[in-house]
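Here is how the chains run, residue by residue.
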Amino acid sequence: MTVTPPTSVVGTAGHVDHGKSTLVKALTGIDPDRLREEKEREMTIDLGFAWLTLPSGRRVSMIDVPGHERFIRNMLAGVGGFDAALLVIAADEGPMPQTREHLAILDLLEIRQGIVAITKRDLVEPDWLELVMNETIELLQGTTLEGAPLIPVSAITGEGLAELIQTLDTLLATLPPHPADGKPRLAVDRVFTIAGFGTVVTGTLRDGPLSVGQEIEILPAGKRGRIRGLQRHREKVEHASPGARTAVNISGIAVEEISRGDVLTIPGWLTPTQRIDARIRLLADAPAILEQDDEVMLFIGTSETLAQLTLLDAEKLTPGDTGWVQLRLRKPVVAVRGDRFILRRPSPSATLGGGVVVDAHPPRHRRFHLATIATLELLARGEPVELVRHALAEEPRDVATLTRQLTLHEHHVADALEALQAQGEIIALVSPTPHTPTLYLQREALEAWRSRLVALLADYHQQYPLRRGMPKEAARS
Ligand code: GDP
């Protein structure tokens, strides 16, 4: 058996012209600027991709994002899959507007691992470098990247590159392995055709594996197809595990039927949504306040859509505030509880804040309704046991229904049911017929029913002492 090496996804962030693409090329030997226009203008417009193997053997997919503010949408389509960020700041210029904006986005998406490369080391004197490094340390304070290592590098002289690679290797080794026992999801960032092969989509694979031959579904359209081939870093593979860039060659779906923003997954478990409950946070320097029914741009996975806000627990949200909201989406997207997203002002466009999906299929809510907020808080804690307990308090359900409604992995539901059964909180009602699933219900609910039935029977016997018992139908009614 071949042991597949661990994989990670590392992406760049930072202001235009600070040396992101040059650094990626210096680290990987691959020029991430693949568009002709990018080469002519010497500017990254769309996402670029490269890869390398670290000294430990770990494989890294690198995503190079555009730094220019006009292409922030492309940056947002790439940043979702990062395990770690490589924040690039040029030593001669120091932090600039898109350094701050990209850092804010990494922070809102809770990307907790990162390294700061202080590029163009060859252009500055040591005391200037020290100034820029101090300014950078200050900039990181209070963000998810606070305390991240700073490494001065030069793509021209090669200084610092070996240290950067070693630091990256050490950092990635501390990350837990990607969960691989869930259902695979791949947010599509590119779609193209290869002559003789047909449709190919690429993206970062997460949560579960894909295999050649497997049936897949493209959402939100719901188109079904089959995997003809898989590639990792230009190598053909039979199976792809989560945590790396993956190219999927699909049969049965035409290239025109797929676009960036779609999600590739296995059929039958995800339903697109146009309503999302979320916890959001406005940036401390957000250039606007948010009020009821305001329109925002939602960026989730690789998709984007206009959305209208229902503020559930506040009259308005001012910079720095957090709040519970319901987002009403202009077009359907695929979202799962726990997914993170960014909100921007549509025009003039600017990052306002971001948040986390707490319920991807909520009912409509009234504003300022305490029970709604309590439920959202419960969902946000996201412990399977709590979620299953909450769902069974509403009504008896089976495993498939719980898995679907709570968007949990099936084994989490099974573990939660086992724990709740062991604690005596719930009871399994095994169906006497083979095709109906086992139902789970709260013991309290069952006991309430049982004592009502016993009381009913006692009454009956007192009323009709000469009869042998209550007819089944009467008891059931
Ligand atoms: P990006 O927009 O952040 O991807 O920046 P690029 O990688 O396109 O680099 C912008 C410019 O800076 C290019 O002209 C590079 O040649 C130059 N550059 C990048 N890294 C270095 C470096 O370490 N030293 C010097 N002197 N120039 C660099």
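Refer to the structure printed above.
Residues numbered from 1 in each chain as written. Predicted model: local features only at pLDDT ≥ 70, side-chain atom pairs only at ≥ 80, totals over all residues. Heavy atoms only, no water.

## Quick look at the overall build of the protein
Here is step 1 of the chain: When helices and strands are tallied, the protein shows twelve helices and 25 strands.
Here is step 2 of the chain: Projected onto its principal axes, the C-alpha coordinates of the protein cover approximately 105 × 55 × 40 Å.
Here is step 3 of the chain: Of all 477 residues assigned to the protein, the portion counted as buried reaches 50%.
Here is step 4 of the chain: Of the roughly 23,100 Å² that the protein leaves accessible, carbon and sulfur atoms contribute 52%. (Helix = DSSP H or I, 4+ residues; strand = E, 2+ residues; numbered from the N terminus. Buried < 20%, exposed > 50% of the residue type's maximum accessible area, 1.4 Å probe, protein only. Areas by Shrake-Rupley, 256 points an atom, 1.4 Å probe, with all protein chains shown as cover.)

## Remarks on the nonpolar core
Here is step 1 of the chain: Grouped together as the largest cluster of nonpolar side chains are 64 residues, with contacts concentrated most on Val79, Ile280, Leu327 and Phe341.
Here is step 2 of the chain: Leaving out residues up to four positions away in the same chain, Ile280 has contacts with Leu290, Leu317, Asp321, Thr322, Gly323, Val325, Phe341, Leu343, Gly354 and Gly355.
Here is step 3 of the chain: Counting residues in each nonpolar core, the second largest holds 22 residues, with Leu23, Leu27, Met62 and Leu168 among its members. (Core = buried A, V, L, I, M, F, W, Y, C linked by side-chain atoms within 4.5 Å. Contact = heavy atoms within 4.5 Å.)

## Comments concerning the site of the ligand
Here is step 1 of the chain: In the vicinity of the ligand, 16 residues are found, and the nearest of them are Asp17, Lys20, Thr22, Asp122 and Ala155.
Here is step 2 of the chain: With respect to the ligand, the backbone of Asp17 contributes an N or O atom lying 2.8 Å from an oxygen atom.
Here is step 3 of the chain: For the ligand, an oxygen atom lies 2.5 Å from a polar atom in the side chain of Thr22.
Here is step 4 of the chain: Considered on its own, the ligand offers 580 Å² of accessible surface; in the complex 80% of this is hidden by protein.
Here is step 5 of the chain: Of the residues in the shell around the ligand, the class split is four nonpolar, seven polar and five charged. (Near = heavy atom within 4 Å. Polar contact = N/O pair within 3.5 Å; in protein donor to acceptor, adjacent residues only side chain to side chain. Nonpolar A, V, L, I, M, F, W, Y, C, P; charged D, E, K, R; others polar.)

## Remarks on the sheet that holds strand S23 (residues 350-359)
Here is step 1 of the chain: An order of S16-S21-S19-S18-S22-S23 is seen for the six strands of this closed barrel, with the pairing classed as antiparallel. Between one strand and the next, the sheet's axes are offset by a mean angle of 45 degrees, whatever the strand orientation.
Here is step 2 of the chain: Relative to strand S21 (residues 322-333), strand S16 (residues 273-282) runs antiparallel, the two being bridged by eight bridges. Looking at S21, one finds that Ala278 is bridged to Val325.
Here is step 3 of the chain: The strands that helix H3 (residues 72-79) touches are strand S18 (295-300), strand S19 (303-311) and strand S22 (340-345); relative to S22, the one it contacts most, it runs at about 170 degrees.
Here is step 4 of the chain: In the packing of helix H4 (residues 97-108) onto the sheet, the strands contacted are S16, S22 and S23, and the crossing angle to S23 comes to about 10 degrees. (Pairing = 2+ DSSP bridges. Axes fitted to C-alpha atoms, helices over the stretch in contact; angles between N-to-C directions.)

## Remarks on the pattern of salt bridges
Here is step 1 of the chain: Here the structure, examined in full by the defined rule, presents 20 salt bridges.
Here is step 2 of the chain: Residue Arg340 is joined to Glu110 by a salt bridge in which the shortest nitrogen-to-oxygen separation is 3.6 Å. Highlighted residues: Arg340 in strand S22 and Glu110 in the loop between H4 and strand S5 (114-119), separated in sequence by 230 residues.
Here is step 3 of the chain: The exposure class of Arg340 is partly exposed, given its relative accessible area of 28%. (Salt bridge = Lys/Arg side-chain N within 4 Å of Asp/Glu carboxyl O.)

## Side note on the environment of Phe82
Here is step 1 of the chain: Looking at the element boundaries, Phe82 is found in the loop between H3 and strand S4 (84-90).
Here is step 2 of the chain: On the basis of relative accessibility, which here comes to 7%, the residue Phe82 falls in the buried class.
Here is step 3 of the chain: The spacing of Phe82 and Gly11 is 71 residues in sequence and 5.8 Å in space, taken between C-alpha atoms.

## Things to note about the environment of Ile105
Here is step 1 of the chain: Positionally, Ile105 belongs in helix H4.
Here is step 2 of the chain: Sequence separation between Ile105 and Leu343 is 238 residues; the distance between their C-alpha atoms is 9.8 Å.
Here is step 3 of the chain: Other than its neighbours up to four places away in sequence, Ile105 contacts Ile72, Met75, Leu76, Val79, Ile342 and Thr351.

## Things to note about the packing of aromatic side chains
Here is step 1 of the chain: Tallying each qualifying case throughout the model produces one aromatic pair.
Here is step 2 of the chain: Where Tyr460 meets Tyr464, the ring centres are 4.8 Å apart and the plane angle is 55 degrees; that geometry is what we call tilted.
Here is step 3 of the chain: Lying across the ring of Phe49, Arg245 places its NZ or CZ 3.7 Å from the centre.
Here is step 4 of the chain: Stacked on the ring of Trp324, the Lys or Arg Arg279 has its end atom at 4.7 Å from the ring centre. (Phe/Tyr/Trp six-rings, centres within 6.5 Å; stacked < 30°, edge-to-face > 60°. Lys NZ or Arg CZ within 6 Å of the ring centre and 35° of its normal.)

## What about a nonpolar patch on the surface?
Here is step 1 of the chain: Among the surface-exposed residues, Leu453, Leu456 and Leu457 lie close enough to one another that they form a single nonpolar patch of about 210 Å² accessible area.
Here is step 2 of the chain: Judged by its relative accessible area of 37%, Leu453 is partly exposed. (Patch = residues over 30% accessible without salt bridge, like charges linked within 9 Å, V, L, I, M, F, W, Y side chains within 5 Å.)

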